[in-house]
Amino acid sequence: MNAHQQIAVVLHATDSITRAGVTAALRSRPELRLVGPDEAAPVALVVLDRLDAEAQVLLRRLQAPGSAGIVLVAGDIADPELLNVVSSGVSAVIRRSDATPDTLVRLVKATAAGQGALPADLLGRLLDRVSRLQRNVLNPNGWSMAGMSDRETEVLRLIADGFETREIAEKLCYSQRTVKSILHDITNRFQLRNRAHAVAFALREGLI
């Protein structure tokens, strides 16, 4: 495997001993190339003891739009932390006790390819927490996991069916101003360009 096929990885670690250990373990792997923090890399490997406030600041900084995919190696991860980490853009998570050079290489490759990875028990905990969030918080308030209300999806359904603003207002007993306001909120929140883009987004997310 030549340098052009290597995946560039930037390493972030909580202490110098951890950094030296991970660097030594991965330096000999031909699939990866460790680079400095100022170099562009498709994957950031973050090794932490725990997800404290300092760690959260680091992860938020790394999760800027268009930034590297993140592989997180951490000690014990509580359920609320797991949900925050996954929802804010971390692609792969593994416990420090399970991390070997082989598993790290596999997770880096998966992240570089745009895939995600969670240990089975963490995935089960995450799905359970998401299910409880949907059942206890979102559903009673008429919201979906995508952050769109029933009223908003109904407006998008009618737009997808070809109805104009006036017709949508009549069908839903809203004012035209309300319909326009709903559309404005949707396009702003999800950074959509126009009505057609909003409908395409809702279809892709399975909302309508």
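Residues numbered from 1 in each chain as written. Predicted model: local features only at pLDDT ≥ 70, side-chain atom pairs only at ≥ 80, totals over all residues. Heavy atoms only, no water.

Quick look at the overall build of the chain
Moving on, step 1. For the chain, the count of helices and strands is nine helices and five strands.
Moving on, step 2. The order of α-helices and β-strands along the chain, N terminus first, is β-α-β-β-α-β-α-β-α-α-α-α-α-α.
Moving on, step 3. Counting across all 208 residues of the chain, residues that qualify as buried make up 39%.
Moving on, step 4. Relative to all contacts within the chain whose residues are 6 or more apart in sequence, the contacts with residues 24 or more apart total 64%.
Moving on, step 5. Accessible area of the chain: about 11800 Å², with a carbon and sulfur share of 50%. (Helix = DSSP H or I, 4+ residues; strand = E, 2+ residues; numbered from the N terminus. Buried < 20%, exposed > 50% of the residue type's maximum accessible area, 1.4 Å probe, protein only. Contact = heavy atoms within 4.5 Å. Areas by Shrake-Rupley, 256 points an atom, 1.4 Å probe, with all protein chains shown as cover.)

Details of the nonpolar core
Moving on, step 1. Val46, Leu51 and Leu72 are the most contacted members of the largest nonpolar core, which has 23 residues in total.
Moving on, step 2. Counting residues per element, this core draws most heavily on helix H2 (residues 53–62), at four residues.
Moving on, step 3. Leave out the neighbours within four places in its chain, and leucine 51 touches Gln56, Leu59, Leu72, Ile77, Glu81 and Val85. (Core = buried A, V, L, I, M, F, W, Y, C linked by side-chain atoms within 4.5 Å.)

What to know about the pattern of salt bridges
Two side chains bearing opposite charge may form a pair once their charged atoms approach each other closely.
Moving on, step 1. Within the structure shown, the criterion is met by seven salt bridges.
Moving on, step 2. Across the pair aspartate 49 and arginine 96 runs a salt bridge, and its minimum N-O distance is 2.8 Å. Here aspartate 49, found in the loop between strand S3 (43–47) and H2, pairs with arginine 96, found in the loop between strand S5 (90–95) and helix H4 (101–112); they are 47 residues apart in sequence, far enough to count as distant.
Moving on, step 3. The partly exposed category is assigned to aspartate 49, whose relative accessible area is 40%.
Moving on, step 4. Through salt bridges that share partners, Arg29, Glu31 and Asp102 make up one connected network. (Salt bridge = Lys/Arg side-chain N within 4 Å of Asp/Glu carboxyl O.)

Re the sheet that holds strand S1 (residues 7–13)
Moving on, step 1. Here we have five strands laid out as an open sheet, ordered S2-S1-S3-S4-S5, and parallel in their pairing. Looking at which strands have only one partner, the edges of the open sheet turn out to be strand S2 (32–35) and S5. The sheet shows a mean angle of 25° between the axes of neighbouring strands, direction not considered.
Moving on, step 2. Alignment of S3 against strand S4 (residues 69–74), held across five bridges, turns out to be parallel. Note that in S4 the partner of leucine 45 across the bridge is valine 71. (Pairing = 2+ DSSP bridges. Axes fitted to C-alpha atoms, helices over the stretch in contact; angles between N-to-C directions.)

Concerning the side chain of histidine 12
Moving on, step 1. Looking at the secondary structure, you find histidine 12 in strand S1.
Moving on, step 2. Histidine 12 gets classed as buried once you look at its relative accessible area, which sits at 12%.

Some points on H4
Moving on, step 1. Helix length check: H4, at 12 residues, gives a terminal C-alpha distance of 16 Å against a target of 16 Å (1.5 Å per residue), a fit within 8%.
Moving on, step 2. By the burial criterion, the buried members of H4 are Thr103, Leu104, Val105, Leu107, Val108, Ala110 and Thr111.
Moving on, step 3. Downstream of H4 by a residue or two, glycine 114 has a phi angle that is positive, lying close to 85°. (Expected span 1.5 Å × (residues − 1).)

Some points on the packing of helix H6 (residues 150–160) against helix H7 (residues 165–172)
Moving on, step 1. Between H6 and H7, whose axes approach to 10 Å, the crossing angle comes to 130°. Comparing the axis directions of H6 and H7 gives the class oblique. Classified by chirality, the crossing of H7 by H6 is right-handed. Contacts from Glu154, Val155, Leu158 and Ile159 in H6 reach Ile168, Lys171 and Leu172 in H7.
Moving on, step 2. Grouping the amino acids of the contact of H6 with H7 by side-chain chemistry returns five nonpolar, no polar and two charged. (Parallel < 35°, antiparallel > 145°, perpendicular 65-115°, else oblique. Left-handed = near helix turned anticlockwise from the far one by under 90°. Nonpolar A, V, L, I, M, F, W, Y, C, P; charged D, E, K, R; others polar.)

Digging into the environment of alanine 196
Moving on, step 1. Tracing the sequence through the fold places alanine 196 in helix H9 (residues 195–204).
Moving on, step 2. Taking the C-alpha atoms as reference points, alanine 196 and alanine 160, 36 residues apart in sequence, are found 8.1 Å from one another.

Some thoughts on unusual backbone geometry
What you tend to see is this: most non-glycine residues have negative phi, and most peptide bonds are trans.
Moving on, step 1. In this model, cysteine 173 sits at a positive phi of 60°, which is unusual for a non-glycine residue.
Moving on, step 2. By secondary structure assignment, the location of cysteine 173 is in the loop between H7 and helix H8 (176–189).

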